[in-house]
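Notes for the structure review
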Amino acid sequence: MAILRMDHVGIVVEDLAAAIAFFAELGMEVEGQTPVEGRWVDQAVGLDDVRVDIAMMRTPDGHGRIELARFHAPAAVDAGPPNAPANTLGIRNVMFAVDDIEEALARLRTHGAALVGEIAQYGESYRLCYVRGPAGIIVALAEPLG
């Protein structure tokens, strides 16, 4: 057995349109959007009577994808505090390399994003920050230096 690739990261959101706009502002493109329901999805996710709208978004280079999901049934379940800190167990962030961290941050702020900490520099390699995005997920931004 061998992994062929990492296909996507899934994020459950309350407001699908707002999440699409947030990630589009970051530079991702909508690859497709569709409602999903039926026995096969119930079996795959271990829930009954699933009705969900999904949007698949991809990075401009075509290698990274995020699946945004808005559950209509069963209702989404809150996994904890909406602004869980960076050391909370489980998936905490998705990182994107950007060419201008200040511009990316300014653009994301128009969609409600807020810095978790502050912009920091890692040696001579990167400028980094964590931003709180849709559904409380932390989106990390990294601007390569040099």
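Details of the structure are given in the entry above.
My aim in this report is to walk through the structure given alongside it, one point at a time. (Residues numbered from 1 in each chain as written. Predicted model: local features only at pLDDT ≥ 70, side-chain atom pairs only at ≥ 80, totals over all residues. Heavy atoms only, no water.)

**Focus: the overall build of the protein**
Within the protein, the regular secondary structure consists of three helices and nine strands. Start at the N end of the protein and walk to the C end: the helices and strands fall as β-α-β-α-β-β-β-α-β-β-β-β. Taken over C-alpha atoms, the radius of gyration comes to 16 Å for the protein, in line with the 15 Å a tight globule of 146 residues would show. Seen through its C-alpha atoms, the protein measures out along the principal axes to roughly 50 × 35 × 30 Å. (Helix = DSSP H or I, 4+ residues; strand = E, 2+ residues; numbered from the N terminus. Rg over C-alpha atoms; globule rule 2.2 N^0.38 Å.)

**So, the pattern of salt bridges**
Tallied over the full model, the rule gives nine salt bridges. Residues Glu31 and Arg65 are paired through a salt bridge, measuring 3.5 Å at the closest nitrogen-oxygen approach. Highlighted residues: Glu31 in strand E2 (residues 29-37) and Arg65 in strand E4 (residues 65-73), separated in sequence by 34 residues. Using a relative accessible area of 37% as the deciding quantity, one classes Glu31 as partly exposed. Notably, a salt bridge pairs Glu143 with Arg127, separated by 3.6 Å at the nearest N-O pair. (Salt bridge = Lys/Arg side-chain N within 4 Å of Asp/Glu carboxyl O. Buried < 20%, exposed > 50% of the residue type's maximum accessible area, 1.4 Å probe, protein only.)

**Things to note about the packing of aromatic side chains**
In total, this model carries two aromatic pairs according to the counting rule given. Measuring from ring centre to ring centre gives 5.1 Å for Phe22 and Phe23, while their planes differ by 80°; the resulting arrangement is edge-to-face. An identical accessibility class is assigned to Phe22 and Phe23; each is buried. With a centroid separation of 6.4 Å and 55° between ring planes, the pair formed by Phe23 and Phe96 is classed as tilted. You can see Phe23 sitting in helix H1 (residues 16-26) and its partner Phe96 sitting in strand E5 (residues 93-97), a full 73 residues away along the chain. With a relative accessible area of 0%, Phe23 lands in the buried category. Residue class for Phe96 comes out buried when judged on its relative accessible area of 11%. Through a chain of ring-to-ring contacts, the aromatic side chains of Phe22, Phe23 and Phe96 assemble into a single cluster. (Phe/Tyr/Trp six-rings, centres within 6.5 Å; stacked < 30°, edge-to-face > 60°.)

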